[in-house]
Structures are given as structure tokens and as C-alpha cells.
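Descriptive analysis of the structure
Below are the chains, spelled out letter by letter.
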Amino acid sequence: MIRIEDLTYTYRNRDIPVLKNISLSLPKGSMTILTGPSGSGKTTLCRAMAGILSHVYTGKATGTITIAGRDIMAYKGIEELSHDVSMVFDDADAQLIFTTVGEEVMTSLENRGLLRMDAENELTRLLDLLEIATLKERAPYTLSGGQKQKAAIAATLALDSAVLILDEATSELDAEARNVVFSILRQLADLGRTIVLVEHMIDEAAAFADACLLIEDGQITASGTPAEVSRRIQEKLPPITKRSGARGGELFIEAQDLVHCYGDHRAVDGVNFTLRSGEIVAIVGENGSGKTTLVKHFNGLLKPTEGTLRIKGSVCNGQSISTLSRHTGLVFQNPDTMLFEDTVHKEIAFGLKNIGTDVHCIGSVLAEVGLAGREDTNPRHLSRGERQRLALACVIAMDQEVFVLDEPTTGLDLAESLQIMEILMRLADEGHGIVMITHNPGLATAFADRVMKMSNGRFISSQEV
């Protein structure tokens, strides 16, 4: 179905190719995982298969790409290509442009030319399939990151194309939701669709996929079953040891009977929570359970509807973001909501200048997150994982007492995730308090001091690990 021969691609205004002599063949009815470090070329390869590089970008390409035997350059443009190939991008926010989830999916159905009644029936089926029927009338901006990803997947499935490419489209889903999506994709492959899935959690997807390709530095360096490629990746990982000994000193955050309402919906419903210096607390739970809503209170982005929030002993219910952000730094689950400058250096310097701090630390902070030497790079030219690390660097540089990280390993492979956890452990050892939202239970139990699970706006369990 998809055939690539000797593809090399260099973006405009760049000297080094992002893809180097890529050749592959993905048959009809197959489900293939693409994995590899952030910045290795996975997204660029997806764009190549979707025809975006050929028909939208102006870089330099050599080699050939064919879809069902037709050269990708023979298509008149992206609109014609979209009948055969559709893609879910790694940034759901950029893909959701209508006022409600129902509109997003219905627009795709109408583009297929379905009659109104048929489109309505298919809309209901897709929303039920992805378990988001209750979100039909919700505006995308009100959704959690995982809910947005489900909506983007539904809108793309509605196009009913022969080839479906998903670029880290499940990165913000909880484990159960990921399993649902993987199962749907497997069923589509069995019906003859060709599925390409960029995924770091290959062990979870292994039971559903036929093959896995490892991409490193723009080249395919390994191929085989997901289990075979996973073993190769594991062999390269350095050992890492969790901190030992008791944790917890000064009380940094204390929430008592905290409630936050969106209209009639109690997104946070009577929560009690504490964080002390030196602690790493992981918050887990299903998409939409209230995790992100809760932590946005800690730096003032949200104000409690009811209850009391104290930071270092002071009641802060009505305090401004600027006041609370002196104590608490927040890394969003989508790094693109944080990044707006035209260089990496300026991104980090912005926050430092706002608090009157010298910018001399920028080089060392970038080295700490694996972005040394990238000071002059435009953040939009970084991969999703690299942008995630840049967002973390912006917060680390501010040196607040508390760091809140909403899905800090989204878009990162296992080696990079372990690197981030090492950074968080060091920060905790230095006396910072760490709150980490994650859908990766392995990371939560391996590195947190406490794991707290949310459901329907409340904590339903708390476990020291």
C-alpha cells in the first residue's frame, strides 16, 4: 500500500537531511509502529507518507513515495490525497478548529459526501466507538488533553481513508483509552486499512501491531516485531536507581475540601492534598478525572470555587498568578501552549527577566534537558519531545520551590523519560516539591514517593511507594 524507495529529505534553510535513504514497504491491511528518540525523523516520515512534504513544504527531496502504486507527486494536492491518506497530528489543539466535538467529526463526514441521515448515524457510531458521546456538544478548548486526542482521532476516522497515520495521537490518553484506540486500529487493519502509528509505549501496542520500525537520526536502524524492537531498545538503556530513604519536609501546598466547577460540572470535588519539600507525588487517573484542573490551582491559573488552598502556610485563594508563580512553576501537557518566542534562548530568558533573574544559567539548563547548543533554534523547528524538554527547561530555570508537571514525558521515548525522571529526582533531593501527572503507571510507581489516583474529581486512593 505504501512504498518508499531511497527517500532523503532536507527542510528549507537547513543543511542536514532529516531523513536519510529511507526505504520501506507497508502492505495493505497492516499496522506498523514507528518508534525512536524525539527529533529522529518520525514526524517528518509521517508527513512524507501523508504527502505534506511533497505538496505543502518546500524542502529538498530525493527518492520516491507511492500510495497503492500511484506516485505521491501524481496527486493534484493535499485535498485529493486526503481521500486516500489521513493523519492525526501530534498536537490535537492545532487540529480541532470547530466549536464543538460533534462539528469536528460531522465536518469530516460531510467531506465524504454522506447524506445527512447517514452522516448523523456515523457520527453517533464514532463517538460511541471512542467513548466520547457525552462530549458531542462540548467545545474542544474545554476538554482534557486526552479527550482532545480522542476527538481528533474520531474526526480522522470519519474520513474513512485507506491509509491512517497517527503521530503520537495517544500520548495523552490513559492506559484503558489507549487500549481502546489500539483495538480500533487493529480492527481497521483487519478490514484492509493500512495503519501507521508513531508510539513510544510499544509494549502496550505490541499485541495489536504487525511490525515495528526503529528510527534513529533519520534512518531505519531496526525492524521486526514490536517485541524484537523493544528488546533492542531496552538493551541500550542505562540503569537508573530510585532514591532511597524517607521524603518530606516543609509543607509547601495544602488543599482542603477544594472544589472547582465548570458551570454545573464539579471537575474537582472536595479534594484534600498536601505536598512537602523533597517529595515527588504522582497523580494518576482516567482522562477527564480532574487532574489538570486540580494542579492549575497551584499557580493561580484557576481559583477555587469552594475550599481553601495554602501555599507555604498562606491562604492564596484570591492571589494572582504572578504572586503564586513565584513559588510554583507549571509545565503544561501540551508544550505548544507555553512556547511563543522565536528562539530557544528567548523562551527561557522571558521568564527569567520577568522575575529579575540573570540569564547566565540558560546554557546549563539546556544541557540538563538534552538541548545543549540549541539556543538559537526556533522552537517550532523542534520535535514534540524536544519542545516538551524546552518547556521543562523554562520552568527549571525559574528555580521555584514547587514544580508541577502535567504529563512531563509526553512525546519522549523511554530513555528520554528516564532522563527527565533523573532531573526530577535531583530537584527533589535539592528540596523542591514535585507534582507529576502521568498516564505511565510504571514511571509513577518507580520514581514517585506517593501515587494518588483521581476519579470523577476526587482522590480515590493514595499509596506510598
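Our structure's up above, just so we're on the same page.
For the structure given in this document, a descriptive report is provided here. (Residues numbered from 1 in each chain as written. Predicted model: local features only at pLDDT ≥ 70, side-chain atom pairs only at ≥ 80, totals over all residues. Heavy atoms only, no water.)

Turning our eyes to something else, we now look at the overall build of the protein chain. Each helix and strand in the protein chain was counted, giving 17 helices and 20 strands. Scaling as 2.2 N^0.38, a compact globule of 465 residues should have a C-alpha radius of gyration of about 23 Å, and the protein chain matches this with 22 Å. Among the 465 residues that make up the protein chain, the fraction classed as buried is 54%. Long-range contacts, defined here as pairs at least 24 residues apart, represent 68% of the contacts in the protein chain between residues at least 6 apart. In the structure as shown, the protein chain presents an accessible area of about 19700 Å², 49% of it carried by carbon and sulfur atoms. (Helix = DSSP H or I, 4+ residues; strand = E, 2+ residues; numbered from the N terminus. Rg over C-alpha atoms; globule rule 2.2 N^0.38 Å. Buried < 20%, exposed > 50% of the residue type's maximum accessible area, 1.4 Å probe, protein only. Contact = heavy atoms within 4.5 Å. Areas by Shrake-Rupley, 256 points an atom, 1.4 Å probe, with all protein chains shown as cover.)

Attention shifts here to the packing of aromatic side chains. Each pair of aromatic rings is reported with the distance of its centres and the angle of its planes. Following the criterion strictly, the structure yields 6 aromatic pairs and no others. Ring geometry for Tyr 9 versus Tyr 11: centroids 5.2 Å apart, planes at 85 degrees, classification edge-to-face. For the pair Phe 273 and Phe 459, a centre-to-centre distance of 6.1 Å together with 25 degrees between the ring planes defines the contact as stacked. Highlighted residues: Phe 273 in strand 12 (residues 265–276) and Phe 459 in strand 20 (residues 458–464), separated in sequence by 186 residues. (Phe/Tyr/Trp six-rings, centres within 6.5 Å; stacked < 30°, edge-to-face > 60°.)

Moving on, we come to the sheet that holds strand 11 (residues 251–262). Two pairing modes exist for strands in a sheet, parallel and antiparallel, and in both the strands are linked by backbone hydrogen bonds. Judged by pairing direction, the sheet is antiparallel, and its 4 strands sit side by side in the order 12-11-14-15 without closing on themselves. Edge strands, defined here as strands with exactly one partner in the open sheet, are strand 12 and strand 15 (314–315). For strand 14 (residues 306–311) and strand 15, the ladder comprises 2 bridges, and the chain directions are antiparallel. Bridging across to strand 15, Ile 311 finds its partner in Ser 314. (Pairing = 2+ DSSP bridges.)

Every α-helix winds through 3.6 residues per turn, so residues three or four apart in the chain are directed the same way. Across its 16 residues, helix 8 (residues 175–190) extends 23 Å between first and last C-alpha, which sits within 8% of the 22 Å expected from 1.5 Å per residue. In this structure, the buried residues of helix 8 make contact with strand 3 (31–35), helix 6 (116–129), helix 7 (145–157), strand 7 (163–167), strand 8 (194–198) and helix 9 (202–205). Capping the start of helix 8, Asp 174 holds a side-chain oxygen 3.2 Å from the backbone nitrogen of Glu 176, two or three residues further along. Taken from the residues just after helix 8, Gly 192 is the one with a positive phi, measuring 110 degrees. (Expected span 1.5 Å × (residues − 1). Polar contact = N/O pair within 3.5 Å; in protein donor to acceptor, adjacent residues only side chain to side chain.)

What follows concerns the packing of helix 5 (residues 101–111) against helix 7. One can describe the packing of helix 5 onto helix 7 by two numbers: an axis separation of 7 Å at closest approach and a directional angle of 20 degrees. Judged by the inter-axis angle, helix 5 sits roughly parallel to helix 7. When the axes of helix 5 and helix 7 are compared, the crossing they make is right-handed. Only Ala 151, Ala 154 and Ala 155 of helix 7 make contact with helix 5, whose side of the interface consists of Val 101, Glu 104, Val 105 and Ser 108. For the contact of helix 5 with helix 7, the residue count by class is 5 nonpolar, 1 polar and 1 charged. (Axes fitted to C-alpha atoms, helices over the stretch in contact; angles between N-to-C directions. Parallel < 35°, antiparallel > 145°, perpendicular 65-115°, else oblique. Left-handed = near helix turned anticlockwise from the far one by under 90°. Nonpolar A, V, L, I, M, F, W, Y, C, P; charged D, E, K, R; others polar.)

You can see Val 181 is positioned in helix 8. Put simply, Val 181 and Ala 169 are 12 residues apart on the chain and 9.5 Å apart in space, counted from C-alpha to C-alpha. Non-local contacts of Val 181, meaning those with residues more than four positions away in its chain, are made with Leu 130, Ile 153, Thr 170 and Leu 173.

Turning next to the pattern of salt bridges. Under the defined criterion, the tally for this structure stands at 26 salt bridges. The salt bridge partner of Asp 160 is Arg 193, with a shortest N-O separation of 2.3 Å. Linking Asp 160 in the loop between helix 7 and strand 7 with Arg 193 in the loop between helix 8 and strand 8, this pair joins segments that are 33 residues apart in sequence. For Arg 193, a relative accessible area of 23% translates into the label partly exposed. A salt bridge links Arg 389 to Glu 416; the nearest nitrogen and oxygen atoms lie 3.3 Å apart. Residue Arg 389 is located in helix 15 (residues 384–398), and its partner Glu 416 is located in helix 16 (residues 414–429); the two are separated by 27 residues in the primary sequence. Like Arg 389, the residue Glu 416 is buried in the burial classification. (Salt bridge = Lys/Arg side-chain N within 4 Å of Asp/Glu carboxyl O.)

Two elements in contact, helix 15 and helix 16, have axes whose closest approach is 12 Å; the angle formed by their N-to-C orientations is 10 degrees. In this view, helix 15 runs roughly parallel relative to helix 16, as classed from their interaxial angle. On helix 16, the residues that touch Arg 389, Leu 392 and Ile 396 of helix 15 are Glu 416, Gln 419, Ile 420, Ile 423 and Leu 427. Residue composition of the contact of helix 15 with helix 16, grouped by class: 5 nonpolar, 1 polar and 2 charged.

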